[in-house]
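Examination of the molecular architecture
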Amino acid sequence: MKVPFVDLQAQHLPIKKEITQAINKVILRGDFVLGEDVERFENEFAAFCGVRYGVGVDSGLSALELALRAYGIGPGDEVIVPVMTFIATAAAVSFTGAEPVFVDVDPLTYCIDTRQVEAAITPRTRAIIPVHLYGLPADMFVLMRMADEHNLVVIEDAAQAHGARYRGRRVGSLGHAGAFSFYPSKNLGGFGDGGMVITNDRRVADKVRAMRNCGQFERNRHELPPYNHRLDTIQAAVLRVKLRYLDDWNRDRIAIAREYNKLLEQSNVVPPLSKEGRQHVYHLYVVWSVGRDSLRAQLQEREIATGVHYPNPVHLQPFYSYKNLGWGAFPIAEELCRNILSLPMYPGMPILHTYIVASTINELAGGSMNGHRGLQILDAVSLPSDGQVLGHDSVPA
Ligand SMILES: Cc1ncc(COP(=O)(O)O)c(C=O)c1O
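Described in the following lines is the structure provided in the data block. Keep in mind it's a predicted model, so treat the numbers as computed, not measured.

Definitions and limits used
Residues numbered from 1 in each chain as written. Predicted model: local features only at pLDDT ≥ 70, side-chain atom pairs only at ≥ 80, totals over all residues. Heavy atoms only, no water. 1 Å grid on protein atoms, 1.4 Å probe; cavity = no way out; pocket = protein on both sides within 12 Å on 5 of 7 lines; lining within 4 Å. Points joined across faces, edges and corners; volume = space filled by probe spheres on them. Helix = DSSP H or I, 4+ residues; strand = E, 2+ residues; numbered from the N terminus. Nonpolar A, V, L, I, M, F, W, Y, C, P; charged D, E, K, R; others polar. Pairing = 2+ DSSP bridges. Core = buried A, V, L, I, M, F, W, Y, C linked by side-chain atoms within 4.5 Å. Buried < 20%, exposed > 50% of the residue type's maximum accessible area, 1.4 Å probe, protein only. Contact = heavy atoms within 4.5 Å. Salt bridge = Lys/Arg side-chain N within 4 Å of Asp/Glu carboxyl O.

Further remarks concern the layout of surface pockets. Estimated volume of the largest pocket: approximately 540 Å³. Forming the walls of the largest pocket are 33 residues, and the residues nearest its centre are F86, S181, Y183, K186 and H283. Elements that contribute at least two residues to the lining of the largest pocket include exactly helix 1 (8–12), helix 4 (60–70), helix 5 (87–96) and strand 8 (177–181). Tallied by class, residues from the lining of the largest pocket come to 18 nonpolar, ten polar and five charged.

The next thing to look at is the sheet that holds strand 12 (residues 278–279). With antiparallel pairing, the three strands of this open sheet are ordered in space as 7-6-12. Every interior strand has two partners, whereas the edge strands, strand 7 (169–170) and strand 12, have only one. Pairing of strand 6 (residues 165–166) with strand 7 involves two bridges; the strand directions are antiparallel. Bridge pairing in strand 7 links R165 to R170.

Below, the discussion takes up the nonpolar core. A general feature of soluble globular proteins is that nonpolar side chains tend to end up buried together. Within the largest apolar cluster, 91 residues are counted, with the highest numbers of intra-cluster contacts made by F41, F45, L68, V79, I80 and M84. Discounting residues that sit within four places of it in the chain, I80 has contacts with V101, V103, I112, V117, A120, I121, T125, A127, I128 and I129. Counting residues in each nonpolar core, the second largest holds 23 residues, with V3, I254, L299 and M345 among its members.

The subject of this paragraph is the pattern of salt bridges. Tallied over the full model, the rule gives 21 salt bridges. Among the ionic pairs, R212 bridges to E42, the shortest N-O distance being 2.7 Å. In this pair, R212 sits in helix 8 (residues 202–212) while E42 sits in helix 3 (residues 36–49), placing the two residues 170 residues apart along the sequence. Given a relative accessible area of 3%, E42 falls into the buried group. Two residues, D206 and R202, come together in a salt bridge whose shortest N-O distance is 3.6 Å. With D206 and R202 both in helix 8 and four residues apart, this pair spans about one turn of that helix. On the basis of relative accessible area, D206 is assigned to the partly exposed category, the value being 25%. A single salt-bridge network, built from bridges that share partners, covers R29, D31, E36, D37, R40, E44 and R240.

Here it is in structure tokens:
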């Protein structure tokens, strides 16, 4: 039986009628650009997250970049970002003219390592971008305390964590601003690209609103850089319908993750960690497995699709080669990139598929985990064997 990695149809078919009606209304009104649904969706999503303002934009990357720009971050400034993330987190900083300063991630949560953040702060540091990676909130309490102490801005990259909670509060509402992506496969995804900045700071919201629409605070007066980063009305209409189901879909993801956790208990793969006070919404269910590539290939042979998020950390991307940061600069992220595997996960995934994936992994990577999860990852990083790093399939030059 084929097991897909995601199946968006499983999400769309039950609500197809509602979505079609919402799109048809936009077509009838003809307000395709910054129409009625955009403002409604902004208000509804901001309320859902527990903040005052939401500004819809055309992608998660734009949300990050415009949030940074709204805080006046640009050339000469430094912004601390984790290397274990999608390139957009760092690219948004680079596009403002500021310099992304990379730090490693925590081996237990895979989110930004707060001790390294503290060590990376310089007089030029203006902001920190924690990423709620795979749906697990980063340690916002520690980061906000640090930000207060050093007068820094915290912009949450919540592109993978719509609806997740940290100590009861939704992510995106904990920092000075939150940036979301509505890429189709996200926990809340549109029928194309989209994003949003949320904040309680009215001036920041106004600036993002002006910048996304040709730099205008008022019509025909272009005060700020005249970008076009608007969210399409049709996307907003689709997202408004889907927002009503987000909590249910996240509950479904959490139930699937619990099932995986239980079924994989006796396997040799390390399941994702969920920490007290942090609600993981499992945008991705990512396990760590020695010999990831061969496990992945064997799963593929049995028609079980998997993913790797991500095969390379950001500091090793060619775009950042000017920084001359080679292998070894951020060992935890490098180790993760070599040995993590994303298993099929989406709302509406048949429970049978969870069993098929887990039993196949148990068969291929059997045995019981010894040692604390995460500590194995540390071991893998620090125990060299024959000039290689233990637990790696290959060590690139
Ligand atoms: C962590 C993270 N940040 C930012 C983005 C950028 O979002 P978008 O693709 O909508 O620009 C993504 C998208 O995959 C992401 O996963």
